[in-house]
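Geometric and topological summary
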Amino acid sequence: VFVYRTKNGGFVLAIVYVDDALFLGPDAKLIAKVKGIFMKKWECRNLGEVKDFLCMRIMRSGHKLILDQQPYLDKVLERFQMTNAKPASTPLPAGYYPLPNSGQAKQEEITEYQALIGSLLYLCLGTRPDIAFAVTKLAQFTSNPSEDHLKKARHICCYLVGTRDYCLVYDGASGAGIEAFADSDWGSDPTTRRSQSGYFFNLAGATFLWTSCTQKSVVTSV
């Protein structure tokens, strides 16, 4: 992320990821000027108003900015033959905690599991904080997944089938500022006796930063 500032307080943010760049700010003329300087220095194309960035669809409706990954999600569901799966109401069954595989998975099973978890991780890091806990839990077993792990990864897909229209809606007219929420349980994972922590930050009525992770310390008392 690069920031260009003017003496009178104007600014432009440039987000560059490999060969994709996004310029944004409150002054359209200043954005066009900075973008022009950038294009003279680097060989690139001006694609106009952003509608898609890193597989995230960007839409506008009045004061609202809407982000989703529905086209990418549809490709993931099609790739793993889950397009017509029966929808699930939750990302994982209530109270479920994955157990380590007692055997050794076949290489083709490992490859399929890693591909599916990788695709789900991209969704949960982009616009789907609701699957963060489920995906990060199952991602701990990518080196040797069991049949149950793969079944539960497909369960997440079933949840996504029923929630494919979910999106992040930032309402500039809502007046909502930054809100922060955090929570953790107490050694709830019976396999590791470690607590799970999570937080998310909202701005303009929608989440923009989130995480779900297992604490490093082991619970020794209650």
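Everything discussed here concerns the structure shown above.
Let me begin by describing the structure that accompanies this report. Note that this is a predicted model, so its numbers are computed, not measured.

A word on the overall build of the protein chain
Assigned secondary structure in the protein chain consists of five helices and ten strands. Seen through its C-alpha atoms, the protein chain measures out along the principal axes to roughly 60 × 40 × 30 Å. Looking at the protein chain as a whole, 34% of its 222 residues are labelled buried. Considering only contacts in the protein chain between residues 6 or more positions apart, those separated by 24 or more positions represent 61%.

Digging into the sheet that holds strand β2 (residues 11-17)
Read from one edge to the other, the open sheet built from three strands follows the order β1-β2-β3, with strand pairing classed as antiparallel. Pairing within the sheet leaves two strands with one partner each, and these edge strands are β1 (2-5) and β3 (20-24). Sheet twist, expressed as the average angle between the axes of neighbouring strands with direction ignored, equals 20 degrees. Examined bridge by bridge, β1 and β2 share four bridges and lie antiparallel to one another. Across the sheet, residue Arg5 finds its bridge partner in β2, namely Phe11. Together, β1, β2 and β3 form the strand contacts of helix α1 (residues 28-41), whose direction differs from that of β3 by roughly 150 degrees.

Things to note about the sheet that holds strand β6 (residues 64-68)
The four strands are arranged β4-β5-β6-β7 in an open sheet whose pairing can be described as antiparallel. The open sheet terminates on both sides in strands that have one partner only, identified here as β4 (52-53) and β7 (168-171). In terms of strand pairing, β6 meets β7 through four bridges, oriented antiparallel. Looking at the pairing, Ile66 lines up with Val169 of β7.

Observations regarding α1
For α1, built from 14 residues, the straight-helix expectation of 20 Å at 1.5 Å per residue is met to within 8% by its first-to-last C-alpha distance of 20 Å. Residues of α1 that are buried: Leu30, Ile31, Val34 and Lys35. Projected onto a plane normal to the axis of α1, the buried residues spread over an arc of 130 degrees and lie on a single side. Residues of α1 that are exposed and point more than 90 degrees away from the buried face comprise Ala28, Lys29, Lys33, Ile37 and Lys40. Looking at the buried side of α1, the elements it contacts are β1, β2 and β3.

Here is what the cut-offs are and how they apply
Residues numbered from 1 in each chain as written. Predicted model: local features only at pLDDT ≥ 70, side-chain atom pairs only at ≥ 80, totals over all residues. Heavy atoms only, no water. Helix = DSSP H or I, 4+ residues; strand = E, 2+ residues; numbered from the N terminus. Buried < 20%, exposed > 50% of the residue type's maximum accessible area, 1.4 Å probe, protein only. Contact = heavy atoms within 4.5 Å. Pairing = 2+ DSSP bridges. Axes fitted to C-alpha atoms, helices over the stretch in contact; angles between N-to-C directions. Expected span 1.5 Å × (residues − 1). Arc of directions from axis to C-beta.

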